Amino acid sequence: MFYGRRRQPPRGTHVAVQGVAVAVKAQMKYLGLVLDAKWNFGAHFTQLAPRLLGAAAALARLLPNVGGPGTVCRKLYTGVLRSMALYGAPVWVDSLHRKNRTHLRRSQRVLAVRAIRGYRTVSWTAATLLATATLLASDPPWELQAETLAAVHRYRQDTRDRGERPCPAVKRVRAEATAALMVKWEEDLRSPVAGTATVEAVRPHLSRWVQRKRGTLTYRMVQILTGHGCFGKYLHRTAGREPTPECQHCGAPEDTAIHTLAECAAWGPQRHEMESLVGRIDSLQSMVVAMLRSEDGWAAVASFCESVLLQKEVAEREREEEADADPIRRRRVGRRMRRYAHLLPP
């Protein structure tokens, strides 16, 4: 009943589904899903992607990295976008080829980055992994959640076909599907395309990381966990804001998140205070272990990140404002600042 561009259907041809007339053409939209002749749902995701990105961008504007809504609100906004993306998942889950997965990941990344208060350069892998701790609820990749929804739907349908009530065992089926999701997610994280340092730190403790019910990530904790923040290496190679990747505080040839966390002599007092409470921290993985061990450990790590990164940010602004500063260091004026510059005091 599908017709391509060269061969047009007879005028007025339609299919009646329970009294609803669906026009016959190359694609048909029924109950919110766009069907095509090959049943690969390429047209569905092509039309869905702009809506998801638009909604994600609109919600992201309400979630600034510093301040803004808290965890509950960020969780709500993420759920809104997830419900839009996973509508009809039991129908199209078997058609998630590479292109369709890209549409889902792109929109999930936009909101996940805002949920964790991360830089826009944080990868989809790292953002979705960290978002599980920020939202205090598991939000794995949507493509895997679609498989969980499909498994529960199949069970309900099979049970109804046998004339039975599916309610008693739905929780068990959902739990089994979620466990299978975690196993598959952990396998996918064994070979990450991006965010390798973050994945290597969290993956060995994935179950505890996802299931924890206390402690949320802050803007500066995320900088340490992702390596995207006020570090010489990032500002030089990715942001283009520093002429060299060296540490401005101790003179080390390369300033990274690990250097700031475990090596830089400038932050010795803060590091000593943290390690007196949680023990030796010499890697991102040991930092994650300390955060998961207790609420006090999470608070100690958060205190170190806030204290150190705040001082690094202040020092960076001072270097930018120096009269003889390198042009590459000058703070770029964004579109919004240019638009409202006439309203600012001289």
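Note that the structure is predicted; figures quoted are calculated from it, not measured.

## What about the nonpolar core?
By size, the foremost hydrophobic cluster in this structure holds 50 residues, and its most contacted members are Trp209, Leu217, Met287 and Val301. Considering every element that reaches this core, the biggest residue donor is helix α15 (residues 295–321), with eight residues. For Met287, the residues in contact, after removing those within four places along its chain, are Met221, Ile224, Leu225, Leu261, Ile281, Val301 and Cys305.

## Focus on empty space enclosed by the protein
According to the stated counting rule, one finds one cavity of 30 Å³ or more in the structure shown. What lines the largest cavity is simply Cys230, Phe231, Gly232, Leu235, Glu242, Glu246, Gln248, His249, Asp255, Lys312 and Arg319. Sorting the residues of the lining of the largest cavity by element identifies α11 (232–237) and α15 as the ones contributing at least two each. Its residues placed into classes, the lining of the largest cavity shows three nonpolar, three polar and five charged.

## Focus: the side chain of Thr198
Here Thr198 shows up in helix α8 (residues 196–202). Judged by its relative accessible area of 2%, Thr198 is buried. Residue contacts for Thr198: discarding those within four places in its chain leaves Ala126, Leu129, Leu130, Leu225 and Thr226.

## Regarding the pairing of strand β4 (residues 33–36)
Judged by which residues are buried, β4 turns out to be covered on both faces: Leu33 and Leu35 on one side and Val34 and Asp36 on the other are all buried. In the sheet, strand β3 (residues 27–30) pairs with β4 via four bridges, with the strands oriented antiparallel. The partner of Met28 across the bridge, within β4, is Leu35. A loop of two residues connects β3 with β4, the two strands running antiparallel in sequence, and Leu31 in this loop sits at a positive phi of about 55°.

## Things to note about a negative patch on the surface
On the surface, Glu318, Glu321, Glu322 and Asp324 cluster together into a negatively charged patch. Structurally, Asp324 can be placed in the loop between α15 and α16 (335–339).

## Describing the side chain of Asn65
Along the chain, the position of Asn65 falls in the loop between α1 (42–60) and α2 (71–85). Dropping the residues within four chain positions of it, Asn65 is found in contact with Arg114, Arg117, Gly118 and Tyr219.

## Quick word on the layout of surface pockets
The gaps of empty space that remain are located by a probe, the size of a water molecule, rolled over the atoms. Of the volumes computed, that of the second largest pocket is approximately 600 Å³. In this structure, the second largest pocket is lined by 23 residues; those nearest its centre are Arg105, Trp124, Thr125, Glu143 and Val193. Among the secondary structure elements, those contributing two or more residues to the lining of the second largest pocket are α4 (98–115), α5 (124–134), α6 (142–161) and α7 (167–188). Looking at the lining of the second largest pocket element by element, the count peaks at six residues for α4. Of the residues assigned to the lining of the second largest pocket, the class counts are nine nonpolar, five polar and nine charged.

The rules behind each value
- Residues numbered from 1 in each chain as written.
- Predicted model: local features only at pLDDT ≥ 70, side-chain atom pairs only at ≥ 80, totals over all residues.
- Heavy atoms only, no water.
- Core = buried A, V, L, I, M, F, W, Y, C linked by side-chain atoms within 4.5 Å.
- Buried < 20%, exposed > 50% of the residue type's maximum accessible area, 1.4 Å probe, protein only.
- Helix = DSSP H or I, 4+ residues; strand = E, 2+ residues; numbered from the N terminus.
- Contact = heavy atoms within 4.5 Å.
- 1 Å grid on protein atoms, 1.4 Å probe; cavity = no way out; pocket = protein on both sides within 12 Å on 5 of 7 lines; lining within 4 Å.
- Points joined across faces, edges and corners; volume = space filled by probe spheres on them.
- Nonpolar A, V, L, I, M, F, W, Y, C, P; charged D, E, K, R; others polar.
- Pairing = 2+ DSSP bridges.
- Patch = residues over 30% accessible without salt bridge, like charges linked within 9 Å, V, L, I, M, F, W, Y side chains within 5 Å.
- Areas by Shrake-Rupley, 256 points an atom, 1.4 Å probe, with all protein chains shown as cover.
- Salt bridge = Lys/Arg side-chain N within 4 Å of Asp/Glu carboxyl O.
- Lys, Arg positive; Asp, Glu negative; His and termini not counted.
- Charge placed at Lys NZ, Arg CZ, Asp CG, Glu CD.

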